[in-house]
Amino acid sequence: MKLDGRTLVAAGLAFVAADALAADTLQDVIKQRGLTQQDVLSAAKTYVPTGKRDEFITFSSGGQSGSVIVYGVPSMRILKYIAVFTPEPWQGYGFDEESKKVLKDGNIAGREITWGDTHHPAISETNGAYDGQFLFINDKANPRIAVIDLRDFETKQIITNPVYKNEHGGAFVTPNTDWVIEAAQYAAPLENGYFPLEQFNEKYRGGVTYWKFDRAKGRIVGDQSFSFELPPYSQDLSDAGKGPSDGWAFTNSFCSERYVGGIELGRPPFEAGCSAKDTDFLHVMNYKKAAELVKAGKAKKINGHNVLPMDVAVKEGVLFLVPEPKSPHGCDVTPDGKSIIVSGKLDTHTMVYSFEKIQAAIKAGKFEGKDPYGIPIISMKDALDKMVEIGLGPLHTQFDSKPCTAYTSVYVDSQVAKWDYCQGKVLDKLSVHYNIGHLMTMEGDSVNPKGHYLVALNKLAIDRFNPVGPLHPQNHQLIDISGDKMQLLYDMPLPLGEPHYAVAIKADMLKPGVRYKVGTNSRTDEKHPGMVRAGEEKIVRSPGKVEVFGTLIRSHITPEIIEVEKGDEVTINLTNLERAEDETHGFTISGMNVHASVEPGKTVSVKLKADREGVFPYYCTEFCSALHLEMQGYFLVKPKGYKAAAAAAQKADYTQADYEKQKKTCIDTQAVIDSVVGYITSTNFKDFPEVVAMVEDATEQLKAAEPYKAKMEEAAKKQDWQNATLWAGQWWQYQVKAADIGLRAKTYLEQNGAKKVK
Ligand code: K7E
Ligand code: CUA
C-alpha cells in the first residue's frame, strides 16, 4: 500500500479516537460521548451494577407474540419471556407433551390456536395488595385467559370463554383474587351460530365474565364461573372495586350506538357510526350478589356456561349504567376504592365518578331513564365527583404512593399528565415518544402503589432507535416520578409484539423456586408417571409402542441408545436428576420436531412416531458442562423385522499405563475436593442456604461416583485396561462436578463474609 498524506492523517485520527475511548474519568466520558448532566444523572438512576438486582419486576403483555415479557425496573433488563398462548421452543412449550396439553385446552371448537393477542396482565392480590403468587393474562383475539404460577413462571392453565367470540377487558382480579374479570369486546351472539347483522340489537350481546379462581389449586374453575349478559355495547376495560366498593366492578364501553358498519353497503364506516353519540356507558355491577343469584339457580346455561340474563340482573338490582365521555379506553378504581376514573379518548376530559354517589342514586332509585334493554341509567351529574381537562385523547390512569396523585396517558398529545383527583387539577405534563397507550406505576393499580417509577407503553417508536426496517420496535419509557416534576430516564425497545399493559411488583415479593421436587410434571404440579430415579432407567416395549424412562445428569442421557422399529409410537420420559441451581438440560432428536427444557427435578415427555427408517442423533441442547457436547445418544429406527448380523464389538487399545494415569488424576482431584470440603466445613456455611444446597449437590455427585469407582477396580482386577480406564474416567467426571460446585461454594462463602467456626 502506498502511503500518502491522507492515509497518514486518517491513520492518525484513528489513533487519536482509539486513545480517546480509553479515557477513564467521568468528565472525559461525558465529553467524548456528548452527554449532558441530565443524561449522566439518568444513567446513574437506572444503572444496576453487575451482580446487583432490580428493585421491581415488570410483567408486560407480549402483544401479538402471545407471551409475557418480564423485565427489571429501573434497569429495564429483560429477564424472561413466559410462553403463554404461543409455542416457544427454548422452554419446550408446545414441543413437549405436558405443555401441549395446556395449549390444547385453548383450542376453540376443536381448532388449534397457536397464537394470542395478549393485552392485560394481572398479579394476584390479597386484600387488594399484590401478593406475587399468580399472574393472569388475556387473549383478545381468541377469548381466553391464562394462569401463570409465579413459583416457576410457567403457564399452568388456559381456559377458553364458551360464550364470547373475542374479549378485551381482562384480566383484572378482585381484591382477594376470588374472581378474574374478563369482558367481551366486539358483540356477537353468545350462542354459537349464525344471526344476520340486521338482528344485531336482538341477538348480539356483550358480557362480563367472572372466572372463579381456586387459589389452593392455582386454577380457574370453569363450572363455578359465570357471565353477565350485557347489551351489544362493545365492553372495554374493567376494574374491580376495593375497600368501600369491594363486591362491585366496573366496565366501560365504546360503541353504545350499536352501529354495525357496512361501508360496502353505502353506509358510513364503523369509526363514524361508533362515535356518533357524546357519551357511552359505564357498566356498574354487583358481582358478589350476582354470584349468589347464580348459586341460587337464576342463571341460564349457554354453551354449558352460567349466564345471568339482563332482565334478571335488572330485577335483582345488580346492574346499572352511567353515561361516560365518548369512546373511553380506561376504567380505573382509585387505591382507596372511593372513585372510578374514566377517560374518553375522543374527549379532553377525565371523569372522576364517586362510588358513594352512585350508591346513593341506586338506593334512592334515582335514574334518568332506562336503556333499550331496561337497564337503569344513573345520570352523569348524579354519579360524577369531578371532571378534569387533561389533554387530547386521555386513556388509562395509574396511581402514585402520594395521596390523590394520578397519572393519565394522553394518546393524541403523546404525553403523561400528572394530576390531583381530589382537587381536580393538573400538576405536571411530560412528553413521551410517541402515542402512549397504557402507563404503569409500581404496584400502581393495587391498594398501596409504591411510586418511584412510571413506565410509558408507547405505541410508536418512529425515530428513537437504530432503524431495523419498516416494522419498528415498541418503546417503553422509564420515568422518574419521585419528585414534583416527572423526569424521563430511559428508552427501552421491545421487539416482540405490542405490549398493551404491564404490571410491576416489588422484587422481594416474588419467591420463585430454583428446582422442582424430583419427578414433577411442572404443568400439573403433580408427580409425573414417567419419572425414574438413577439406576431405574428402562425401555418398555409392547406391540407398536416403545416407552422410554430416562434420566439426565451432567453429562449423560440415560439411555444412550434407543432402538425402535419403523412404525413404533415412541414416548420418551426424561427426568433431570440435578439438584444444582441453573443446571437445566435440553433434549431433542434431530429431524423429529421435539424439544424439551428439563430444569432440575422436572420430568418431561416427548412423543413421536418413528415413521422413517434411519439414524437420528439426540443430544442435550443446553451447554450444561464441559462435556455437554458428549451429552448425546442415538435414536435408531430399523426396518420392521430387521435381524442384526453378528458383528465384532468396537475395540480400542488401552494399556495399564493409560489406566494408572487416569487413576492418578482421580486421586489428585480427590485431594482438591478434600481441601475444599475442609474449608467449607470449617465455616458457618449452614447459615447460607445457597451454600447448603451446593453442598448437598456436591455430596450427591460424589455418591453417584462410587459405583463407577467400584466398576473400575473390578475391571482392573481382570486386567481389562480398556474398561478400567473408561470407568476411571467416569468416576473423574463426577469428581470434577463435585469440585466445581465446591469451589463455587467456597467463593460464595468468602464473598459473603462467612466466619470460621473451627
Ligand atoms: Cu391497547 Cu388496554 Cu387492550 Cu389500551 S388496551 S392502549
Ligand atoms: Cu446437558 Cu448439555
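All values reported here derive from a predicted model rather than from experimental measurement.

Next up on the list: the state of the cysteines. Counted by the stated rule, this structure contains 2 disulfides. Two residues share a disulfide in this structure: cysteine 255 and cysteine 274, whose sulfurs sit 2.1 Å from each other. Classification of the bridge connecting cysteine 255 and cysteine 274 rests on its S-S torsion, roughly -75 degrees, and on that basis the disulfide is left-handed. On the criterion of sequence distance, the pair formed by cysteine 255 in the loop between β13 (248-253) and α6 (270-273) and cysteine 274 in the loop between α6 and β14 (279-286) is long-range, its members being 19 residues apart. Each of the two residues, cysteine 255 as well as cysteine 274, counts as buried. One disulfide in the model links cysteine 404 with cysteine 422; its S-S distance is 1.9 Å. When the S-S torsion is -80 degrees, as for the bridge of cysteine 404 with cysteine 422, the disulfide is left-handed. Of this pair, cysteine 404 sits in the loop between β24 (394-399) and β25 (405-410) while cysteine 422 is found in the loop between β26 (415-420) and β27 (425-431), placing the two residues 18 residues apart along the sequence. What links to what in the protein chain: the bonded cysteines, counted in sequence order, pair as 1-2, 3-4.

The next point concerns the domain arrangement of the protein chain. Under the domain assignment used here, the protein chain contains domain 1 (520-638) and domain 2 (656-751). Just the C-alpha atoms count here: the centres of domain 1 and domain 2 sit 26 Å apart. Contacts between the two partners involve 9 residues from domain 1 and, on the opposite side, 8 residues from domain 2. Both sides together, the interface formed by domain 1 and domain 2 hides about 730 Å², and carbon and sulfur atoms give 40% of it.

Counting residues in hydrophobic clusters, the biggest one holds 30 residues, and the most contacted among them are Tyr210, Phe226, Phe228 and Leu308. Elements with a contribution of two residues or more to this core: β9 (179-183), β10 (206-214), β11 (219-230), β12 (235-240), β14, α7 (287-295), α8 (310-315) and β17 (319-325). Top element by residues in this core is α7. It accounts for 5 residues. If sequence neighbours within four positions are ignored, tyrosine 210 has contacts with Trp179, Val180, Ile181, Ser225, Phe226, Phe228, Ala249, Met285 and Tyr287. Among the nonpolar cores identified, the runner-up in size contains 26 residues, and Phe587, Met592, Val598 and Val604 belong to it.

Another aspect to go through is the pairing of β27. Across 6 bridges, the pairing between β26 and β27 is antiparallel. Bridge assignment links tryptophan 419 to a residue of β27, and that residue is valine 426. Between β26 and β27, which follow one another and run antiparallel, lie 4 residues, and glycine 424 among them has a positive phi close to 75 degrees.

Our next topic: the sheet that holds strand β18 (residues 328-333). Sheets are built from strands that pair by backbone hydrogen bonding, the pairs being arranged parallel or antiparallel. One open sheet accounts for 4 strands, arranged β18-β19-β20-β23; its pairing is antiparallel. Across the chains shown, the open sheet's two edge strands, defined by having one partner strand only, are β18 and β23 (384-389). On average, each strand axis in the sheet is inclined to that of its neighbour by 15 degrees, with strand direction left out of account. Two strands pair when backbone bridges link them, and strand β20 (residues 349-354) and β23 are joined in this way by 5 bridges, in the antiparallel orientation. What sits directly across from tyrosine 353, in β23, is leucine 384. Contacting β19 (339-344), β20 and β23, helix α9 (residues 355-364) runs over the sheet at an angle of about 60 degrees to β20.

To continue, consider the site of ligand 1. Around ligand 1, the neighbouring residues are His119, His120, His168, Leu237, His329, His396, Gly437, His438, Lys459 and His500. Listed by contribution, the elements that provide at least two residues to the shell around ligand 1 are β4 (118-126) and β28 (436-442). Taken together, the residues of the shell around ligand 1 sort by class into 1 nonpolar, 8 polar and 1 charged.

Rules behind the numbers
Per chain, the residues get numbers from 1 upward, laid out in the order the sequence is written. Chain letters start at A and ligand numbers start at 1, both assigned in the order the entries are written. In view of the model being predicted, local features appear only for residues whose pLDDT reaches at least 70, and side-chain atom pairs are presented and counted only at 80 or more, with totals across whole chains, interfaces and linings using the full set of residues. The basis for every side-chain value is the complete set of non-hydrogen atoms in the structure, without hydrogens or water. Cysteine sulfur atoms that come within 2.5 Å of each other are treated as a disulfide pair. Put simply, DSSP H or I for four residues or longer makes a helix, DSSP E for two residues or longer makes a strand, and each gets a number counted from the N terminus. Each residue is assigned to one of three classes by its accessible area relative to the maximum for its type, calculated with a 1.4 Å probe on protein chains only: buried under 20%, partly exposed between the two thresholds, exposed over 50%. Note that the domain bounds were set by an automatic or database domain assignment. In this analysis, two residues are considered to be in contact whenever any of their non-hydrogen atoms come within 4.5 Å of each other. For any pair of parts, buried area is found by adding up, for both, the accessible area (1.4 Å probe) each one loses once the two are put together. Here the nonpolar core consists of buried residues drawn from Ala, Val, Leu, Ile, Met, Phe, Trp, Tyr and Cys, with membership extended through side-chain atoms lying within 4.5 Å. For two strands to pair, DSSP has to find at least two bridges joining them. Axis definition: a line fitted to C-alpha atoms, over the contacting stretch in the case of helices. Angles run 0 to 180 degrees between N-to-C directions. We define proximity as follows: a residue is near a molecule or strand when any one of its heavy atoms falls within 4 Å of that partner. Three classes are used: nonpolar for Ala, Val, Leu, Ile, Met, Phe, Trp, Tyr, Cys and Pro, charged for Asp, Glu, Lys and Arg, and polar for all others, with Gly counted as polar.

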